[in-house]
Amino acid sequence: MTIRELAIAKLQQLPESFLPEISDFIDCVMHKHQYRIAEPKLPDDIAKAWAKWFEEVDRNSSLFETVIETSHNHHANQNDRNSR
């Protein structure tokens, strides 16, 4: 049973006359932690755009590393030929 389910089960056991006090307490807790409750969430389209950007950066980084490695090997081969 999750903590939410446990809290709901406890609420269901209370007499109706206690519920206004419980409701006030919940309002107080929500107000106290308002900054955490209201944390902005990225819309799906923005989150997808960022994910796509990171994928492209990763792909381009791999490509860049391949180009650098190929260039390094090419220069090493030229230096070997020139030293003969």
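Each chain carries its own residue numbering, running from 1 in the direction its sequence is written. Only residues with pLDDT of 70 or above have their local features reported here, since the model is predicted, and side-chain atom pairs are shown and tallied only from 80 upward, although totals for entire chains, interfaces and linings are computed over all residues. To obtain the side-chain values, all non-hydrogen atoms of the structure were used and water was disregarded.

Visitor: How would you sum up the overall build of the chain? Please name residues and give values.
Guide: Along the backbone of the chain there are four helices and zero strands. From first element to last, N terminus to C terminus, the chain shows the α and β order α-α-α-α. A total of 84 residues make up the chain; the buried ones form 0% of that total. Within the structure as shown, the chain displays about 8300 Å² of accessible surface, and the carbon and sulfur contribution to it stands at 58%. Comment: elements are numbered from the N terminus, with helices defined as DSSP H or I runs of at least four residues and strands as E runs of at least two. Using a 1.4 Å probe on the protein chains alone, a residue whose accessible area is under 20% of its type maximum counts as buried, one over 50% counts as exposed, and one in between counts as partly exposed. Computed by Shrake-Rupley with a 1.4 Å probe, the accessible areas treat only the displayed protein chains as cover when residues are assessed.

Visitor: Go over a nonpolar patch on the surface, please, and point to the residues and values.
Guide: Patch membership requires more than 30% relative accessible area and the absence of a salt bridge. Residues of like charge join within 9 Å; the nonpolar side chains Val, Leu, Ile, Met, Phe, Trp and Tyr join within 5 Å. A pair is scored as a salt bridge if a Lys or Arg side-chain nitrogen falls within 4 Å of a carboxyl oxygen belonging to Asp or Glu. A cluster of nonpolar side chains, Leu11, Leu14, Phe18, Phe25, Ile26, Val29 and Met30, forms an exposed patch at the surface whose accessible area comes to about 580 Å². When residues of the nonpolar patch are assigned to their parent elements, the largest contribution, four residues, is made by helix H2 (residues 19–32). Along the polypeptide, Phe18 turns up in the loop between helix H1 (3–13) and H2.

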